[in-house]
Amino acid sequence: MIAIVDYNMGNLASVKNACSKLSQEAVLESDPAKLCKYDKIILPGVGAYGDAVSSLKKRGMDEAVKEFAKSGKFMLGICLGMQLLFERSSEFGNHEGLGLIKGEVVKFSTQKFSKPLKIPHMGWNRVFTKEHSLFNKLDKNHYLYFVHSFHVECFDLTDIIGESEYGYQFTSAVAHGNIMGIQPHPEKSHLNGLQILKNFINM
Amino acid sequence: MDYFAKRIIPCLDVKDGRVVKGVNFVGLKDAGDPIEVARRYNNEGADELTFLDITASSDNRDTIIDIVKKVACEVFIPLTVGGGIRKLDDIYKLLNVGCDKVSINSAAVKRPELIDEGAKRFGSQCIVTAIDVKKTGNKHHVYLNGGRIDTGIDALVWAKEAVSRGSGEILLTSMDADGTKDGFELNITQQISQAVHVPVIASGGAGNMRHIKEVFEHGADAALAASIFHYKEVDITQLKHYLNKHDIPVRL
């Protein structure tokens, strides 16, 4: 059974719908004490980093997610949920993240852009993937749907499993053992997105 | 190499639970079940779907929520709903069933704080400000009620304000071009696109594939159209191949 971590940040219906479409029951779980009972968890999230961290902490969900990560069971962070896996973010102040993956979250540095581009990075873009079971059976030229103004920077480059290009190259998917994260929204990325979720479910 | 794709967004006008078509909301014809139409566009390769709720009576507001709920169970691309959104609770109800963004038009002009409040509570990414413009003298003014009321507000000024208040996207409709099928109004699209740092969706005037190519060349990040897709005058798959051939990055 999969839990979608419900910490009052954003729209969880889409992730749940996508799991249902893949015949995988997913439970919106807001009780930190119950998290360890699940086989896998998905940490979703849209919105601001600071709000998300305080929302996780308020319920003790931060510790529950860290405990789950230690158990070795698979977990997947999506969008803001992926960014929360990192040590810190500079989004509107400095915020400490879950620290499960070494690195930080930074704003797109428009000065470094090779040409002027809009922020947020909103729309369909490519992810150039490394060999990883999360990316099994994707179309060769697959596109995924992104919405974000901040991106992660890994300190350990071996954690990077996907990169994308927007003004410059940035990390769009990570994996550190059982802990995975993806910047685009697989639940909103049509068939290739569903395939990624299916790969996660089948791990 | 540029991979970031320009988006094609079919728009479904929904009234009392059915897709309708008509010119300037007059002489509406039934044009199908929204879920079936959504499914078709999704299969053809639409990058997002926009539902414009033109239901007059507020009693039927829950109908659009029900439609989105059903569409969101089988169509896994971003969904936007516009029309009649006036308060935070309207936004919450839609997001809760799988809608990703809401587009706010007259309610934002009447009470701009709605943008701030929506962005703060749900994130900028889901607050689209829809701006209907008409050329008035040498400027473009913001119009309300389908082009009937001139607010006197300069469209460029309003677009910048909407973004500074937290809107993550602008849906720009030229009321002069809308329904003409003579092409988008490129001038105002380019001006607004250059004036704001968020994506601009161009709407109004699409009549063929070349029009869509042109508006992308003039700074639009996405193109929205209803009737050309609805009446199958332009097939989304073909359109994307055409754009790709002209070096405009699209999701194929």
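Before any of the text, the structure's been laid out above.
Residues numbered from 1 in each chain as written. Chains lettered and ligands numbered in written order. Predicted model: local features only at pLDDT ≥ 70, side-chain atom pairs only at ≥ 80, totals over all residues. Heavy atoms only, no water.

Caption draft 1: Region of the structure containing the overall build of chain B. On a plain count of helices and strands, chain B comes out with 10 helices and 12 strands. What you see for chain B is a C-alpha radius of gyration of 17 Å, in line with the 18 Å of a compact globule of 252 residues. Dimensions of chain B along its principal axes, counting C-alpha atoms only, are 45 × 40 × 40 Å. Expressed as a percentage of the 252 residues in chain B, the buried residues total 60%. In chain B, once contacts between residues fewer than 6 apart in sequence are set aside, the share between residues at least 24 apart is 65%. (Helix = DSSP H or I, 4+ residues; strand = E, 2+ residues; numbered from the N terminus. Rg over C-alpha atoms; globule rule 2.2 N^0.38 Å. Buried < 20%, exposed > 50% of the residue type's maximum accessible area, 1.4 Å probe, protein only. Contact = heavy atoms within 4.5 Å.)

Caption draft 2: Main features of the interface of chain A and chain B. With 29 residues of chain A in contact, the opposing surface of chain B contributes 36 residues. In total, about 2,600 Å² of surface goes out of reach between chain A and chain B, with carbon and sulfur atoms giving 58% of it. Contact with chain B buries surface across chain A, with Lys118(A), Met122(A) and Trp124(A) losing the most and accounting together for 27% of the total. The residue Asp100(B) makes a salt bridge to Lys188(A) at a minimum N-O spacing of 2.7 Å. Scanning the region where chain A abuts chain B turns up 15 residue pairs in polar contact (both at pLDDT 80 or more). (Buried area = accessible area lost by both parts, 1.4 Å probe. Salt bridge = Lys/Arg side-chain N within 4 Å of Asp/Glu carboxyl O. Polar contact = N/O pair within 3.5 Å; in protein donor to acceptor, adjacent residues only side chain to side chain.)

Caption draft 3: Highlighting the pairing of strand S11 (residues 200-203) of chain B. Residue and element names in this part refer to chain B. Burial along S11 is two-sided: Val200 and Ala202 facing one way and Ile201 and Ser203 facing the other are all buried. Summarising the sheet, strand S10 (residues 169-174) and S11 pair through four bridges and their orientation is parallel. Among the inter-strand pairings, Thr173 is bridged to a residue of S11, identified as Ser203. Relative to strand S12 (residues 222-225), S11 runs parallel, the two sharing three bridges. Looking at the pairing, Ser203 lines up with Leu224 of S12. Handedness of the crossover joining S11 and S12 through helix H8 (residues 209-217): right-handed. (Pairing = 2+ DSSP bridges. Right-handed = clockwise from strand over helix to strand, strands pointing away.)

Caption draft 4: Representation of the packing of aromatic side chains in the model. By the definition in use, this model includes 11 aromatic pairs over all chains. Ring plane angle 75 degrees and centroid distance 4.9 Å describe the contact between Tyr166(A) and Phe4(B), whose orientation is recorded as edge-to-face. Taken as a pair, Tyr166(A) in strand S12 (residues 160-166) and Phe4(B) in the segment before strand S1 (7-15) lie in two separate chains rather than in one. Note on accessibility: Tyr166(A) and Phe4(B) belong to one class, buried. When the ring of Tyr41(B) is compared with that of Phe229(B), the centres are 6.5 Å apart and the planes differ by 70 degrees; the resulting orientation is edge-to-face. Highlighted residues: Tyr41(B) in helix H1 (residues 34-44) and Phe229(B) in helix H9 (residues 227-230), separated in sequence by 188 residues. An identical accessibility class is assigned to Tyr41(B) and Phe229(B); each is buried. Chaining the aromatic ring pairs together yields one cluster made of Phe108(A), Phe113(A), Phe146(A), Tyr166(A), Tyr168(A), Phe170(A) and Phe4(B). The ring of Tyr3(B) has Arg126(A) sitting right over it, with the charged end atom 5.7 Å from the ring centre. (Phe/Tyr/Trp six-rings, centres within 6.5 Å; stacked < 30°, edge-to-face > 60°. Lys NZ or Arg CZ within 6 Å of the ring centre and 35° of its normal.)

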